[in-house]
Amino acid sequence: MKKSITFFFSMLMMTSLSAQKIDLSYYIPKDEVYNKNIPTPKEVLGHEVGEWHVTHDKLVEYMKALATVSDRIALENRGTTYEGRPLLLLTISAPENHRNLEKIRKRHLLATDDSSIDRSNDPIVVYQGFSIHGNEPSGSNAALAAAYYLAASNKSSTLELLNNTVILFDPSLNPDGLQRFAYWVNTNKSKNINPDPNDREYTEVWPRGRTNHYWFDMNRDWLPVQLPESKARIETFHKWLPNILTDHHEMGSNSTFFFQPGIPSRTHPLTPKMNQDLTSEIATYHAKALDKIGSQYYSGESFDDFYYGKGSTFPDINGGIGILFEQGSSRGHAQKTENGLLTFPFTIRNQYTAAMSTLEAAKNMRAKILKYQQDFYKNAKKEAAKEKTIVFGDEKDTAKTYHLADVLTRHKIDINELSSDFSLNGKTFKKGYSYAVPLNQKNHRLIKAMFDVRTSFKDSLFYDVSAWTFNHAFGVDFAENVPSSKVGNRVEELKLKSGSVSFKSDYGYLMPWNEYYTPKVLNTLLKKGLRAKVALKQFVNSGNKYDYGTIFIPVQNQILDKEDLFNFLKNQSELAHVTITGVNTGLNEGIDLGSNNFAAVKKATVAMLVGGSVSGNDAGEIWHLFDQRFDMHVTKIDLSYFSRVDISKYTTIILPNLYSMDTTSEQKLKTWVQNGGILIGYRNTVRWLKNKDFIKLDFAEVKIDSVENVSFENRSLQSGAQVIGGAIFEAKLDRSHPINFGYKNDKIALFRNTKIFIKPSKRSYNNPIQYTGNPLLSGYISKENAKVIKNTVPFQVQRKGRGKVIVFTDNTNFRAFWYGTNKLLMNAVFFGDKM
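As the structure is a prediction and not an experimental result, all values here were calculated from the model. (Residues numbered from 1 in each chain as written. Predicted model: local features only at pLDDT ≥ 70, side-chain atom pairs only at ≥ 80, totals over all residues. Heavy atoms only, no water.)

**Things to note about the sheet that holds strand β21 (residues 544-546)**
Put simply, the rule is: Strands are labelled as partners when DSSP assigns at least two bridges between them. Only DSSP runs of H or I reaching four residues or more are called helices, and only runs of E reaching two or more are called strands; each is numbered from the N terminus.
Spatial ordering of the open sheet is given by β21-β20-β24, a layout of 3 strands whose pairing is antiparallel. Where the open sheet ends on each side, the last strands, each with one partner, are β21 and β24 (589-590). Alignment of strand β20 (residues 539-541) against β24, held across 2 bridges, turns out to be antiparallel. Across the sheet, residue F539 finds its bridge partner in β24, namely G590.

Structure representation (structure tokens):
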């Protein structure tokens, strides 16, 4: 009988879902008269908001339709994603404001430089961004209703809002991810919507729609600015300096709705207290609006404002107020949850409500928030006046120096050339190869945040990384408190240094391995069928010193004659911004060019396992590195069909953060290594490889000190404090080892977010990268973990049969901005057989 009743109610629920009629009035006020000339979403899309998940192409179609007929909306295409989708921005305001928009923008920016400007009659600027995670789509779908309302409402309060506000409306922060997710849920939607969480609709296939084309979490890229979507929105941000920026997300289905502020103790110390006070006041508007529609919510818990690379935190260091919204996700069209049936339209309505309550708060708090922004920059200016200059650079790697400078200029940070060469604290900075950043400038606080070094914290829990110090990430030499006499002219146009070949040689060419883009050149050479060798020792040729890893390209016995070889190398050097030197003799100080200490480099044919238990972010970062940075092929083989693939043609296989694999695939991989393959494993793959006897490792285990008087309520805080969420550590290098070819310093900064600690080999030469005795450079680590990490090793390589197994405990390609450690993977790929 009980089963029959359950079945009856389940059928009743599904019937009610399929018969449910949701129209636009579910989201927007019913008691208003709307402009009939403004098309509703249904009139353009062919379905109601929330009936289907809007695809990005339809979202674009609707926004274009609104901009065509509404004098409140201007539409701008700021570029394209990797998949070619437009990065749209709608500027929404009163028609009169549109006629004076550039004047308003310039005055808004001028007021941040001049605190005496009266802002009492100026509009406030609000940036509203939706669904930066593509499979959190209620935001972008709510954007349909919000854009319609702002275009069509004739209510006096709406007109007042538009008169006093410039809204920068970004309907899809992640077009590629939104399209991917919409395709999934729409193709798995039933006529009779099935709310069973086990239904296929609610379980996306790998890599899921959260990420962009290369599987990056774009809500970590506001500060590093490595992706095209980020570059577009950061340009908009600095063009306007919005007072409020909202970031609409989703969370677990059994959650309700969250709005900031987050946990107070987890706010970055550089964020002014007034920022959090204003966030709390704005929160009262969200609470009132959600109370009105009967939606449950919470605030002041779970999330933080520490890492400035997130959308809700980035504004906090730029004079604005960032606000995070998190809606419990239906992950499809409707799903049973602990809170009852959660429908997609319900999630959209909450996001719409929060978007509108933000605008209500902005309208009512306009004068106060504009004053806060002026005070922020006024106080920053006072702080900056006491500061000197920082300098960074690398005379042997101009590319990574350039790319760090490029990030700074995207953030409207002034950089200067050096006036002359100088040395400080054992580091040499050369004019033309280094940049000076005067701290006495407008974005002083942002500079401080980007180069922040912090090892003590109020709280021991972090939602994301605890360190991101940019000079460490880019692997450049760095100096603080540099006197102004060393600062040269301001850089007006940043350019990457040109590559060249010194002269046409009859004997051969040498390419130092230090420059960032040398792997790109080497790969192109080998693909062309040209011979190249790598120097296993240092030498001097014609008075020029050459380091470990220098590439020698002989003229003799090549498939190209000397004229074509020269032209080919010249072209490649220019494309890759690399300097190649011609030589007239093979006689050197040290090893000669004909020595066996120059080892032949083989063409790398690389595969990477993806899908299944592999982390999409880690795999995507490697794919992006190969494809976008070095123009190298990496074949992505899904674990679901790996056992059926002939892998004999691959020289190298990469396992990025893998947790498990079926027995057949495991044995196949092991045989491939024994037959001469180079296997590279990252992060959790290291434990798996050890457990499956691919490599012999001894792990150092952490002993947690027992803590008394920990309440049941706080038990998770104790375990959470042992997590290394993302910190930076110092390691010493044996530069003669092939894994370290191309590095000029004896120490390196490494990013770490695992607790995999490998004990060093008893043979010191097998520990080419080893943490120092006091390795923490920046970020949080518990005292228990800090004891264990000392002198452990983050890298090991061992022979297995005729092949090699290479492991890294942590990600050397983290979020695309760790330029300083990218070469470690390239060394493993090209020189793994020489280790």
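**A closer look at the pattern of salt bridges**
How we decide: Between Lys or Arg on one side and Asp or Glu on the other, a salt bridge is scored when a side-chain nitrogen of the former is within 4 Å of a carboxyl oxygen of the latter. Here's how the labels work: a residue is buried when its accessible area is under 20% of the maximum for its type, exposed when over 50%, partly exposed in between, all with a 1.4 Å probe on protein chains only.
Under the definition given, this model contains 43 salt bridges. Between D464 and R220 there is a salt bridge, and its shortest N-O distance comes to 2.7 Å. Note that D464 is positioned in the loop between α14 (444-450) and α15 (470-474) and R220 in the loop between α8 (175-187) and α9 (228-240), a separation of 244 residues in sequence. The burial state of D464 is the same as that of R220; both residues are buried. Between K670 and E666 there is a salt bridge whose closest N-O contact spans 3.9 Å. Note that K670 and E666 are positioned in helix α19 (residues 663-674) at a spacing of 4 residues, about one turn of the helix. Relative accessible area serves as the criterion here: at 12%, K670 is assigned to the buried category.

**What to know about the nonpolar core**
We apply this condition: Here, nonpolar core refers to any group of buried Ala, Val, Leu, Ile, Met, Phe, Trp, Tyr and Cys residues whose side-chain atoms link them within 4.5 Å. Only heavy atoms matter for contacts: two residues are in contact if any of them lie within 4.5 Å across the pair.
Core analysis: the biggest nonpolar cluster contains 231 residues, and M63 and F830 have the highest contact counts within it. Ranked by the residues each element gives to this core, the list is headed by helix α6 (residues 138-152), at 11 residues. Ignoring sequence-local partners within four residues, the contact set of F830 consists of W513, P519, L522, N523, L526, V601, A604 and M632. Counting residues in hydrophobic clusters, the runner-up holds 9 residues, among them L510, V583, I591 and L593.

**Remarks on the confidence of the model for the protein chain**
For clarity, the cut-off: Across the chain, each position has a pLDDT score giving the predictor's confidence in that residue, from 0 to 100.
On average, the protein chain scores 95 in pLDDT, and the residues at 70 or more come to 97%. Below a pLDDT of 50 lies the segment residues 1-16, which in the model reaches 7 contacts outside its immediate sequence neighbourhood of four places, other chains included.

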